[in-house]
Protein chains: 2
Amino acid sequence: MTVLPPNPPAPTCPAIVLVRPQLGQNIGAVARAMLNFGFTDLRLVQPRDGWPNADAGPSAAGADAVIDQARVFDSLGEAVGDCHLTLGTAMTTRDMIRRVTSPAGAVAEMQALPSRSALVFGPERTGLTRDDLLACHAICTIPSNPDFGSLNLAQAVAVLGYAWVVGQDTPAASLMVNHDGPAAQAELSGLIAALEARLSENGWYNPAPGLAETSRRMLVNIFTRPGFTGAEVQFLRGVVRSLATPRSQRQDRG
Amino acid sequence: MTVLPPNPPAPTCPAIVLVRPQLGQNIGAVARAMLNFGFTDLRLVQPRDGWPNADAGPSAAGADAVIDQARVFDSLGEAVGDCHLTLGTAMTTRDMIRRVTSPAGAVAEMQALPSRSALVFGPERTGLTRDDLLACHAICTIPSNPDFGSLNLAQAVAVLGYAWVVGQDTPAASLMVNHDGPAAQAELSGLIAALEARLSENGWYNPAPGLAETSRRMLVNIFTRPGFTGAEVQFLRGVVRSLATPRSQRQDRG
């Protein structure tokens, strides 16, 4: 007997997160593309020219509700703190061990989740950095001409919006079962921060130039990539706590 | 620019692992189905009637080389110790958080790996247990009639063998990039054993009936499911060691 997961509830549209967007005009065009496909949750991380931005209105072309409700954050981590699946759009993997999926694959994953997901887009000129991508569970690459592959920001949002609408009835090739979705990003960040604090206390980080940073990135990648659930993140916090409890204090645990 | 992984080398055929097989006749039929699709690496875990088994020869129908080279192991862990991707065939997920894939999906994953993988099949009557599945990175379910879904052991092997041949040219929907494949099972087992030993020393396991076992299973699942690479497994061993080093011993690390 093939075990199929129960029908998921109607999927929640993803938040669209723009990291360090440069031009107000592009932010407006993104808002328009979002509303074209039913998305309304726009989040801005450190917009270069501040917010609100008068240049956004005209290109939003009537998507004023999206512009008006847009929220500004100081960091990508804060922007996706309540999101359970964070997919970063990028054309390169920055040499990290990462899962790369297509727009259709990204949509299938987001639509299988009962909770909020996020699609993250980098600045117009440079795209997402390696540190931005570390905060994402996987990378979504839009197939494009290898010789001329850089998409306009709003057009990239439109491609994902279109894939969302098309994907409503497409089944996924591989499914995680009995999984209520990855933990909210804020919970995961808490685990990683606790782990880093304990390791730092114990002198784990190599003081040689660059090595601590490499270790920190590997740690974040290892704990972000699997998409651990909220219960698993809590379980791992207990594991970290217990590992870091010296034998001499064992009686504290009863 | 879309970043594609380099062309993989010719894929290594998976080991076929039969866990506690009951009938010698079925083992022979499996050997035949294996050779039909070019597989030769047969591994038996605790075959009920011992090994060699005179009943295997006739149904092998000429696949004597597979029978002659079959190896016997005391546990599933030992049988897949050198395998870097272990997929358990099952019709149910035993309520674990696990990734479930189709035969085509399983084949795509195995063919993307440069190293040895394993396809694990349970006993004829009961299939793989929950503990067997814990040793597997993911579950492969063969689509079948929900009202009459139990496949003959050798036929299940044949379906996977056929999928292997068909899959030679099918691209995967989602790919892990910059990933040299999950660590060999023996390395992963070493990490989990070290982690369990430290946690046990620190009194982590709840003595109430059943709770320690539940925690143990969750720990194995959490560290098996992600498919950490060999380098990541080594990194995590260092993390565990450092976490478990009390502050008073910090000077040991220099």
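A brief look at the structure comes next. Computed from a predicted model, the values in this text were never measured in an experiment.

1. Re the interface of chain B and chain A
Next, step 1: On the chain A side, the residues contacting the 60 residues of chain B number 59 residues.
Next, step 2: Each partner contributes to the roughly 5,200 Å² buried at the junction of chain B and chain A, and carbon and sulfur atoms together form 62% of this total.
Next, step 3: The interface formed by chain B and chain A contains two salt bridges.
Next, step 4: With a shortest N-O distance of 2.6 Å, R225 of chain A and E232 of chain B are connected by a salt bridge.
Next, step 5: For the pair chain B and chain A, the number of links is 12 residue pairs in polar contact (both at pLDDT 80 or more).
Next, step 6: Every element with two or more residues in the side of chain B that touches chain A is listed here: β5 (98-101), β8 (174-177), α8 (185-201), α9 (211-224) and α10 (230-243) of chain B.
Next, step 7: No other element matches α10 of chain B, which puts nine residues into the side of chain B that touches chain A.
Next, step 8: Where strand β5 (residues 98-101) of chain A meets β8 of chain B, four bridges bridge the pair, whose relative direction is antiparallel. Within β8 of chain B, the residue paired with V100 of chain A across the bridge is L175 of chain B.

2. Considerations on the environment of P123 of chain B
Next, step 1: Summarising the element assignment, P123 of chain B is placed in the loop between β6 (117-121) and α6 (130-134).
Next, step 2: For the pair P123 of chain B and T214 of chain B, spaced 91 residues apart in the sequence, the C-alpha separation amounts to 24 Å.

3. Describing the sheet that holds β8 of chain B
Next, step 1: Spatial ordering of the open sheet is given by β3(A)-β2(A)-β1(A)-β6(A)-β4(A)-β7(A)-β5(A)-β8(B), a layout of eight strands whose pairing is mixed. Either end of the sheet is taken by a strand with one partner, and the two such strands are β3 (71-73) of chain A together with β8 of chain B. Recorded for the sheet is a direction-independent mean angle of 30 degrees between the axes of neighbouring strands.
Next, step 2: Pairing analysis gives three bridges linking strand β2 (residues 42-45) of chain A to β3 of chain A, with the strands arranged parallel. Among the inter-strand pairings, R43 of chain A is bridged to a residue of β3 of chain A, identified as R71 of chain A.
Next, step 3: Its contacts with the sheet put helix α5 (residues 103-112) of chain A on β4 (85-89), β5, β6 (117-121) and β7 (138-140) of chain A, and the angle it makes with β5 of chain A is roughly 105 degrees.

Parameters at a glance
Residues numbered from 1 in each chain as written. Chains lettered and ligands numbered in written order. Predicted model: local features only at pLDDT ≥ 70, side-chain atom pairs only at ≥ 80, totals over all residues. Heavy atoms only, no water. Contact = heavy atoms within 4.5 Å. Buried area = accessible area lost by both parts, 1.4 Å probe. Salt bridge = Lys/Arg side-chain N within 4 Å of Asp/Glu carboxyl O. Polar contact = N/O pair within 3.5 Å; in protein donor to acceptor, adjacent residues only side chain to side chain. Helix = DSSP H or I, 4+ residues; strand = E, 2+ residues; numbered from the N terminus. Pairing = 2+ DSSP bridges. Axes fitted to C-alpha atoms, helices over the stretch in contact; angles between N-to-C directions.

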